[in-house]
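# Geometric and topological summary
This is what each chain is made of:
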Amino acid sequence: MNNDGNLEHCNVNSSSVFVTLGGEWKLGGLEFCRATRSAGAVELPPNRIPPSLAVYDAPEKTNQCTDSWGLGCLVWEVFNMTPLVQSGALRNTTKLPAPVASVYKQLLSEQPGRRPKSSEVLEQLTAPGGFLDNNLIRTIDFLENIHIRQNSEKQIFFSRLCEDLDSIPQVIVKYKVLPAVVSAQQFSSLGSMVLPALLKMSELLSEPEYQRQVLPTVVQLFGSPDRATRLQLLQQMEVLAPHMDAATINDKVFPHLCTGFLDANPSIREHTIKSILPLASKLNKQLLNTEVMKHFAKLQARDEQGGIRTNCTVCLGKIAPHLSPTARSKCLISAFTRALKDPFPPARVAGVMALATTQHFYPIDQVALR
């Protein structure tokens, strides 16, 4: 306002400040705003109503630094947590932190020309070691200017964000940092860099808030071609699945997820298999009994990784209660007896355990003959 707009606010104090849910401070009380006076001009401050606002007037009343004086009054009110009633109270600086007290004294200098502008105050307080040189301010500043940051800077920032969140008030994380991270992902496609912090912050949300703020971004990420992003999503499926309804899983998630069964990366294939466990109860009959069984059969019989063949057998045994009777009779015994012949010892053990776990699904004649 002072620098770019060439305006004086003329009413800077705690009653003119409004704080959002995200902890942002907004300056209101613009009814006394006026154009900045030229050098040497003399003009009395506006006649403010109610008269109690006169306590915020600078002592000389005709200088061009009334906003700097008002900022000093605001600083006093913030740290004393009470409105200013008498101007004489401004001399009491016992509750002001040392890094703030020095700037505060400059703002209330008896010589108007020595009072710093708000931009100069901000520069002093955000300097290394300054009062505003902390994780909260750095995090907010980075997110507000993320569109001009290099990818290397983004990687460093998000690698530290999970740890930095512990030192930021939860209300600001929930209403300021989280929406900013979601917005950054939507417009910058940050993918795997964002996920750890996004999932950590989502723990602060209620279910309706999660559905509205986080789930659309998570579902969108399942379509990412980036393997690191897909792997992280698969690894977090137990956390994500309870927040997704059957329609979302069947129509939006599974079409992307099933490509992992054929992925060249063994970790993607393995975690795709494991991800079926928390999803099985919500998959429709066609996907679970046909598509999943088809992929499981191929991986268990042909995958070159013994661990993947083993996990197929283990997961198949665990999702057996969700299969239709027809699919169980058609797939289970064939799959588990095949595992008993696997050259990989853990796969054979998994076959024995799966047969024992699912024995109540088999008719006596199949137990005897197969």
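Above this text you will find the structure in question.
Since the structure is predicted, the reported quantities are computational estimates derived from the model, not experimental observations.

Parameters and conventions
Residues numbered from 1 in each chain as written. Predicted model: local features only at pLDDT ≥ 70, side-chain atom pairs only at ≥ 80, totals over all residues. Heavy atoms only, no water. Helix = DSSP H or I, 4+ residues; strand = E, 2+ residues; numbered from the N terminus. Rg over C-alpha atoms; globule rule 2.2 N^0.38 Å. Buried < 20%, exposed > 50% of the residue type's maximum accessible area, 1.4 Å probe, protein only. Contact = heavy atoms within 4.5 Å. 1 Å grid on protein atoms, 1.4 Å probe; cavity = no way out; pocket = protein on both sides within 12 Å on 5 of 7 lines; lining within 4 Å. Points joined across faces, edges and corners; volume = space filled by probe spheres on them. Nonpolar A, V, L, I, M, F, W, Y, C, P; charged D, E, K, R; others polar. Expected span 1.5 Å × (residues − 1). Arc of directions from axis to C-beta. Disulfide = S-S within 2.5 Å. Axes fitted to C-alpha atoms, helices over the stretch in contact; angles between N-to-C directions. Parallel < 35°, antiparallel > 145°, perpendicular 65-115°, else oblique. Left-handed = near helix turned anticlockwise from the far one by under 90°. Patch = residues over 30% accessible without salt bridge, like charges linked within 9 Å, V, L, I, M, F, W, Y side chains within 5 Å. Areas by Shrake-Rupley, 256 points an atom, 1.4 Å probe, with all protein chains shown as cover. Salt bridge = Lys/Arg side-chain N within 4 Å of Asp/Glu carboxyl O. Phe/Tyr/Trp six-rings, centres within 6.5 Å; stacked < 30°, edge-to-face > 60°.

## Digging into the overall build of the chain
- Scanning the chain for helices and strands turns up 18 helices and four strands.
- A globule of 370 residues ought to have a C-alpha radius of gyration of about 21 Å, yet the chain, at 32 Å, is considerably larger.
- With the C-alpha coordinates of the chain rotated into their principal frame, the extents come out at 105 × 35 × 35 Å.
- Among the 370 residues that make up the chain, the fraction classed as buried is 44%.
- Contacts spanning at least 24 positions in sequence make up 59% of the contacts within the chain whose residues lie at least 6 apart.

## Quick word on empty space enclosed by the protein
- For the coordinates displayed, the defined rule picks out two cavities of 30 Å³ or more.
- Estimates place the volume of the second largest cavity at around 70 Å³.
- Here the lining of the second largest cavity is composed, by residue class, of four nonpolar, four polar and one charged.

## Looking at helix H17 (residues 345-357)
- With 13 residues, H17 should reach 18 Å at 1.5 Å per residue; the first-to-last C-alpha distance of 19 Å fits that figure.
- Looking only at H17, the buried set comprises Ala347, Ala350, Gly351 and Ala354. Along H17, the residues classed as buried sweep out an arc of 105° about the axis, all on the same side.
- Its buried side turned inward, H17 meets helix H15 (306-319) and helix H16 (325-339).

## Side note on the state of the cysteines
- Applying the stated rule across the entire model yields zero disulfides.
- The thiol of Cys33 is not disulfide-bonded; the next cysteine sulfur, from Cys10, is found 6.9 Å away.
- Take Cys315: it sits in no disulfide, and the sulfur closest to it among the cysteines is that of Cys312, at 7.1 Å.
- Residue Cys315 is classed as buried on the basis of its relative accessible area, which comes to 3%.

## Overview of the packing of helix H10 (residues 227-235) against helix H13 (residues 266-279)
- At a closest axis distance of 9 Å, the pairing of H10 and H13 adopts a crossing angle of 30°. Judged by the angle between their axes, H10 and H13 are roughly parallel. For the crossing formed where H10 meets H13, the hand is left-handed. Within the contact between the two elements, H10 uses Arg227, Arg230, Leu231, Leu234 and Gln235 and H13 uses Ser267, Ile268, His271, Thr272 and Ser275.

## Examining the environment of Ala350
- Tracing the backbone shows Ala350 in helix H17.
- As for Ala350 and Leu231, which are separated by 119 residues in sequence, their C-alpha atoms are 24 Å apart.
- With sequence-adjacent residues up to four places away left out, Ala350 is seen in contact with Thr310, Thr313 and Val314.

## A short note on a nonpolar patch on the surface
- A cluster of nonpolar side chains, contributed by Met1, Leu7 and Leu30, occupies part of the molecular surface with about 250 Å² of accessible area.
- As for its placement among the helices and strands, Leu7 is situated in strand S1 (residues 7-8).

## Topic: the layout of surface pockets
- Approximately 210 Å³ is the volume attributed to the second largest pocket.
- Around the second largest pocket, the lining residues are Asn135, Arg138, Thr139, Asp141, Phe142, Arg149, Glu153, Ile156, Phe157, Arg160 and Asp164.
- Within the residue set of the lining of the second largest pocket, elements represented by two or more residues are helix H4 (135-144) and helix H5 (151-164).
- Residue composition of the lining of the second largest pocket, grouped by class: three nonpolar, two polar and six charged.

## A short note on the environment of Leu71
- Within the secondary structure layout, Leu71 lies in helix H1 (residues 66-80).
- Sequence separation between Leu71 and Thr313 is 242 residues; the distance between their C-alpha atoms is 69 Å.
- Those residues in contact with Leu71 that sit more than four places away from it in its chain are Val12, Leu107, Ser118 and Val121.

## Looking at the packing of aromatic side chains
- Under the defined criterion, the tally for this structure stands at four aromatic pairs.
- Arranged with centres 5.7 Å apart and planes meeting at 70°, the rings of Phe79 and Phe131 form a pair that is edge-to-face. Of the two residues, Phe79 is situated in helix H1 and Phe131 in the loop between helix H3 (118-126) and H4; the sequence distance between them amounts to 52 residues.
- By relative accessible area, Phe131 is classed as partly exposed at 34%.
- With 5.0 Å between their ring centres and 80° between their planes, Phe157 and Phe158 make a pair best called edge-to-face. Accessibility classification places Phe157 together with Phe158 in one group, the buried group.
- These aromatic residues form a ring-pair network of at least three members: Phe142, Phe157 and Phe158.

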